[in-house]
Amino acid sequence: AEGQGINALLASARPLLFFTTNPGLEGVVEEEWMMRTEAVGCGVRRVIKKPFGYGGQILVEGVGDRAAMEEVALSMRSVHHVQVPVHGFALPEGDELGRIGSELEGLVFGPMEAAERFRVTTKRSGKHEFTSMDVQRVAGAALVRRYGCTVDLQRFDTNVRVDIYERVCLVGWQLTERALSKRFHRVFQPRVALKAPVAYGLLQWARLLPDDVGSLLDPFCGSGTILIEAAQIYPRLELYGCDKDDRAVQGARANAEGEGVGGRLELQRADARRLSSLYEAGYFRAIVTNPPYGIRFGQHLNFARFYRDVLRECWTVLADEGIMVVVVFKRTVFYRALMQSGLFKMLEERVVETGDVYPGVYVLKKIAATQSAIE
């Protein structure tokens, strides 16, 4: 039934696009898509989040010009890849690969008509007796028979997507040659760095608008992803960052220079637990940050005290009713520290996949507190 439903949607004359992102950012993608299409006058009939039940997937159905939709899609900051779905079908038990081969061999596939070289890319979700490589092998052979093209994994004209979601196969082609999330050239590349779409999502949850003025702080700036993303979106914001690790500060500075926004960022080496000694009280309208989870602060870090100190210092340098967005790996400890502090009202709590882990994201609003509550 699910396969028939997606095929009915694909059979309509309206243009469809399929986005991939980090699980947890589906709503951010929807909001960005609606904003961008409205700005250029593209019609949107509907947005389907998690169309196959898996996070990080969004199917959009438009009204009107497909080329305009695709142009908008390739400007998105909240997604990794953009695909054009063209065919979907249910997989029978026991002969899944045979069905994939026969469907591909009989498919009229526009981009393959003019292609000389192609590749097949597969993402497989669910439990199956076959592998993604099996799907690619069968689909590639069927397309060679159908179109007489050559398989080339590096120099290809068309990247054919044959993705499996439990018992449904979705076929299309990938518009993006390189992930839209890989938009930064990193001179400094730490072992773990925040993905650009996640940084974009955090900034959106901070309720920041493109023409906003004021100051933004990232007190755990790392390689600078959040601040570089902010520099490219908010031309009027003052951007500040600090980090306890001098190597990270120098790396963030190098990355910002490489992106042409080095002059926008005020960076320094500092401990986030001492922010009030660095910045004026109430100076920042927003704090958006991704604190480390123990490695750079030692193996015996007292997280309860660490979170209390960070919350107190951020409260001090935030403007009245300022917004703080923070990524948290030890959610229980952080939540307890948050409730005990009495310094912030929690507006939202989300979970976002980043680096194959699922931290919490807390959106907080500064509230008034007694002097005894912050000492």
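The shown structure was predicted, so the numbers you read here are calculated from the model rather than taken from an experiment.

A. Fine view of the overall build of the chain. Across its full length, the chain holds 11 helices and 16 strands. Projected onto the principal axes, the alpha-carbon positions of the chain cover approximately 75 × 40 × 35 Å. In the chain, which comprises 375 residues, the proportion classed as buried is 52%. Within the chain, residue pairs in contact and separated by at least 24 positions form 76% of the contacts whose partners lie at least 6 positions apart. Here the chain has roughly 17,300 Å² of accessible surface; of this, 47% comes from carbon and sulfur atoms. Treating the 47 positive side-chain charges of the chain as one cloud and the 46 negative ones as another, the clouds have centres 4 Å apart.

B. View of the environment of Val120. Relative to the elements of secondary structure, Val120 occurs in strand β5 (residues 117-121). Along the primary structure Val120 and Val162 are separated by 42 residues, whereas in three dimensions their C-alpha atoms are 6.9 Å apart. The contacts of Val120, once residues within four sequence positions are left out, are Gln136, Ala139, Gly140, Leu143, Asn159, Val160 and Val162.

C. Examining the nonpolar core more closely. Counting residues in hydrophobic clusters, the biggest one holds 39 residues, and the most contacted among them are Phe19, Trp33, Ile100 and Val162. Of all the elements, helix α6 (residues 132-147) adds the most residues to this core, at five residues. Beyond its immediate stretch of four places on either side in the chain, Trp33 contacts Leu17, Phe19, Val44, Val47, Val60, Met69, Val72, Ala73 and Met76.

D. Representation of the layout of surface pockets. Quantified by volume, the second largest pocket comes out at close to 300 Å³. If you list the elements that add at least two residues to the lining of the second largest pocket, you get α2 (26-40), α7 (196-205) and β15 (344-351). With five residues, the top contributor of residues to the lining of the second largest pocket is α2. Among the residues making up the lining of the second largest pocket, the classes are represented as nine nonpolar, one polar and seven charged.

E. Seen up close, the packing of aromatic side chains. Counted by the stated rule, this structure contains 17 aromatic pairs. Their ring planes at 90 degrees and their centres at 5.2 Å tell us that Tyr283 and Phe284 sit as a pair that is edge-to-face. Tyr283 gets classed as partly exposed once you look at its relative accessible area, which sits at 32%. Here Phe284 falls in the buried class, since its relative accessible area comes to 0%. Ring-pair connections join several aromatic residues into one group, and the members of that group are Phe220, Phe303, Phe306, Tyr307, Phe334 and Tyr362. Above the face of the Phe184 ring, Arg183 is positioned so that its terminal group lies 5.9 Å from the ring centre. Lying across the ring of Phe303, Lys330 places its NZ or CZ 5.1 Å from the centre.

F. Geometry of the packing of α2 against α7. At their nearest, the axes of α2 and α7 sit 10 Å apart, and the two run at 80 degrees to each other. Considering the angle they form, α2 stands roughly perpendicular to α7. Listed contacts from α7 to Val28, Glu32 and Met35 of α2 are Tyr200, Gly201, Gln204 and Trp205. For the contact of α2 with α7, a count of residues per class yields four nonpolar, two polar and one charged.

G. Quick look at the side chain of Thr37. With respect to the helices, strands and loops of the structure, Thr37 is situated in helix α2. Relative accessible area serves as the criterion here: at 2%, Thr37 is assigned to the buried category. In this structure the side chain of Thr37 is engaged in a polar contact, spanning 2.7 Å, whose partner is the backbone oxygen of Trp33. A polar side-chain atom of Thr37 sits 3.2 Å from the main-chain carbonyl oxygen of Met34. Residue contacts for Thr37: discarding those within four places in its chain leaves Cys42, Val44 and Val72.

What counts and what doesn't
Sequence order as written defines residue numbering, which begins from 1 separately in each chain. Local features are withheld for residues below a pLDDT of 70 in this predicted model, meaning they are given only at 70 or higher, and side-chain atom pairs are given and counted only at 80 or more; totals for whole chains, interfaces and linings count all residues. For the side-chain quantities, the full set of heavy atoms in the structure was used; hydrogens and water were omitted. Strands here are runs of E lasting at least two residues and helices are runs of H or I lasting at least four, both read from the DSSP assignment and numbered beginning at the N terminus. Relative accessibility under 20% of the residue-type maximum defines a buried residue, over 50% an exposed one, and the middle range a partly exposed one, all with a 1.4 Å probe and only protein chains included. Residue contacts are defined here by distance: any two heavy atoms, one from each residue, within 4.5 Å place the two residues in contact. Each accessible area is a Shrake-Rupley result for a 1.4 Å probe, and residues are judged covered by the shown protein chains and nothing else. All tallies of charge rest on Lys and Arg as positive and Asp and Glu as negative; His and the ends of each chain are not included. For the purpose of locating charges, the reference atoms are NZ of Lys, CZ of Arg, CG of Asp and CD of Glu. We call a set of buried residues a nonpolar core when its members are Ala, Val, Leu, Ile, Met, Phe, Trp, Tyr or Cys and they connect through side-chain atoms within 4.5 Å of each other. Here a cavity denotes grid points, spaced 1 Å and computed from the protein atoms alone, that fit a 1.4 Å probe unable to get out, and a pocket denotes an open set having protein on both sides within 12 Å along at least 5 of 7 lines; residues with an atom within 4 Å of a point are the lining. Grid points are joined across faces, edges and corners, and a volume is the space filled by probe spheres set on the points. Polar here means any residue outside two lists: the nonpolar Ala, Val, Leu, Ile, Met, Phe, Trp, Tyr, Cys and Pro, and the charged Asp, Glu, Lys and Arg; Gly therefore counts as polar. When the centres of two rings from Phe, Tyr and Trp lie within 6.5 Å, Trp using its six-membered ring, the rings pair. Their planes under 30 degrees apart give stacked, over 60 give edge-to-face, and anything left gives tilted. Over a ring means this: the NZ of a Lys or the CZ of an Arg is within 6 Å of the ring centre and within 35 degrees of the ring normal. Working convention: axes come from line fits to C-alpha atoms, limited for helices to the stretch in contact. Angles between N-to-C directions cover 0 to 180 degrees. Working definition: roughly parallel below 35 degrees, roughly antiparallel above 145 degrees, roughly perpendicular at 65 to 115 degrees, and oblique for all remaining angles. Under this definition, polar contacts are N or O atom pairs within 3.5 Å; protein pairs additionally need one hydrogen-donor-capable and one acceptor-capable atom, and for neighbouring residues in sequence, both atoms have to be side-chain atoms.

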